[in-house]
Amino acid sequence: RIGALLSAQRTGYQAIINKIDTLAAQVIYQTNRAYSVSNTPHTSYTADRSVTNPSLSFNNPANTTFNGLPFRPTSGQIVVDVVTNGSHQRTTIPIDLDGLNNANTAGFGDDTSPAAIAAALNAIPNITASIDVNGKLQVTAAAGSTISFVDDTSGALAAMGVNSYFTGSNAQDIGINAALAADVSLLNVSTLEGNTTNGNGVAMGIVALRDKVSAALGGTTLAGFWDAANQSISASTNTALTQYHATATVKDALDSQMMSLTGVNLDEEAINLVQYQTMYQASARYVSVLQDITQTLLQLV
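Scope of this entry: the structure provided in the associated data block. Values in this document were obtained by computation on a predicted structure and should not be read as measured data.

So, how was this worked out
- Residues numbered from 1 in each chain as written.
- Predicted model: local features only at pLDDT ≥ 70, side-chain atom pairs only at ≥ 80, totals over all residues.
- Heavy atoms only, no water.
- Helix = DSSP H or I, 4+ residues; strand = E, 2+ residues; numbered from the N terminus.
- Rg over C-alpha atoms; globule rule 2.2 N^0.38 Å.
- Buried < 20%, exposed > 50% of the residue type's maximum accessible area, 1.4 Å probe, protein only.
- Contact = heavy atoms within 4.5 Å.
- Areas by Shrake-Rupley, 256 points an atom, 1.4 Å probe, with all protein chains shown as cover.
- Lys, Arg positive; Asp, Glu negative; His and termini not counted.
- Charge placed at Lys NZ, Arg CZ, Asp CG, Glu CD.
- Polar contact = N/O pair within 3.5 Å; in protein donor to acceptor, adjacent residues only side chain to side chain.
- Pairing = 2+ DSSP bridges.
- Axes fitted to C-alpha atoms, helices over the stretch in contact; angles between N-to-C directions.

### Notes on the overall build of the protein
Inference 1: A count of helices and strands for the protein gives eight helices and ten strands.
Inference 2: For 301 residues, the compact-globule formula gives about 19 Å, and the C-alpha radius of gyration of the protein, at 38 Å, lies well above that figure.
Inference 3: Projected onto its principal axes, the C-alpha positions of the protein cover 145 × 45 × 35 Å.
Inference 4: A total of 301 residues make up the protein; the buried ones form 32% of that total.
Inference 5: Long-range contacts, defined here as pairs at least 24 residues apart, represent 62% of the contacts in the protein between residues at least 6 apart.
Inference 6: For the protein, the exposed area adds up to about 17,800 Å²; of that, 58% sits on carbon and sulfur atoms.
Inference 7: Within the protein, the 21 negative side-chain charges are centred at a point lying 2 Å from the centre of the 12 positive side-chain charges.

Below you can see the structure in the form of structure tokens.
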């Protein structure tokens, strides 16, 4: 029984946990990607995720912070909008994560790192950006200015946990951004589509994730992956129940056969007890009579 439970944990249960973790990871990452891109102005940002070595590129195998995550940023761009006294200044930061150096050879020396993003942000007027002592990206606007990340096609912001909705990386540690939970006025609402503001763009973007095809989910959607996982778990459960009932039937049959050979029939044993009791009583009576005869003979002598 213990062996069966251990086997189920290694195979059946762990497979289910892996599916749930995969789905949760994509819910976290895709939601944060949609949420981090907003026209809602902020005066500062602090990343949720601590980076062990900010100078290493996101895709460098030595960067354990991101290589251990179930999601990765890719090449793209981050668009930052700084508003100072009503004047907009938009800056595009390229994100290079192709795994190639300038000589078109394999390497990560020219790929973008968290430190490079901090430096690019810090170079924008009216913004101060750095990696703090905890390895988290901090971005602060000057007095009278606000910051908005209006586009991020790379997913780097979501990977670092900048302007995020969810924290964590799997079903076990998923949570709501603590700053957002403490102050709902920080909630991102609007997005900028071209030069037009969409008042509920963030919410609509998150809703659209349900039916968005994801390569990380095997080319299916969040809803499709969940449905497939449910069907797989249900099928596995039904198969296990069928095997259980079949095995239980075999066990009961074997128990009956064993009992027929080595077991005790209560009716037969009850009859045997009556017989043994009668035999004992008869033997006791015989001994008693024999003793009486012996006494009588001794008296005659």
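Next comes the rest of the account.
### With respect to the side chain of Asn 177
Inference 1: Its place among the elements puts Asn 177 in the loop between strand E8 (175-176) and helix H5 (178-182).
Inference 2: Only 3.5 Å separates the side chain of Asn 177 from the side chain of Asp 48, close enough to count as a polar contact.
Inference 3: Excluding anything up to four places from it in sequence, Asn 177 contacts Asp 48, Ser 164, Tyr 165 and Thr 167.

### Topic: unusual backbone geometry
Inference 1: A positive phi is found at Asn 85, a non-glycine position, where the angle reads about 55°.
Inference 2: Tracing the backbone shows Asn 85 in the loop between strand E2 (76-84) and strand E3 (87-95).
Inference 3: Its identity is not glycine, yet Asn 104 carries a phi of approximately 65°, on the positive side.
Inference 4: By the element assignment, Asn 104 lies in the loop between E3 and helix H3 (114-122).
Inference 5: By relative accessible area, Asn 104 is classed as exposed at 59%.

### Describing the sheet that holds strand E4 (residues 127-131)
Inference 1: A sheet is described by the order of its strands in space; here three strands give the open sequence E1-E5-E4, paired in antiparallel fashion. Bordering the open sheet on either side are strand E1 (44-46) and E4, each of which pairs with just one other strand. Here the average twist between neighbouring strands, direction ignored, is 10°.
Inference 2: In the sheet, E4 pairs with strand E5 (residues 137-141) via five bridges, with the strands oriented antiparallel. In the sheet register, Ser 130 faces E5, and the bridge partner there is Gln 138.
Inference 3: Here H3 sits on the sheet in contact with E4 and E5, set at roughly 165° to E4.

### Considering the sheet that holds E2
Inference 1: Taken in spatial order, the three strands line up as E3-E2-E6 in an open sheet, and their pairing is antiparallel. Each edge of the sheet is formed by a strand with only one pairing partner; in this case those strands are E3 and strand E6 (145-152). Taking each pair of neighbouring strands and ignoring which way they run, the sheet shows an average axis angle of 20°.
Inference 2: Pairing of E2 with E6, which is carried by seven bridges, proceeds in the antiparallel orientation. Residue Asp 81 lies in a different strand from E6, and its bridge partner there is Ser 148.

### A word on the environment of Leu 121
Inference 1: With respect to the helices and strands, the residue Leu 121 is situated in helix H3.
Inference 2: Since its relative accessible area comes to 1%, Leu 121 is described here as buried.
Inference 3: Put simply, Leu 121 and Leu 186 are 65 residues apart on the chain and 21 Å apart in space, counted from C-alpha to C-alpha.
Inference 4: When residues no more than four places from it in sequence are discounted, the contact partners of Leu 121 are Val 80, Ile 93, Ile 127, Ala 129, Leu 137, Val 139 and Phe 149.

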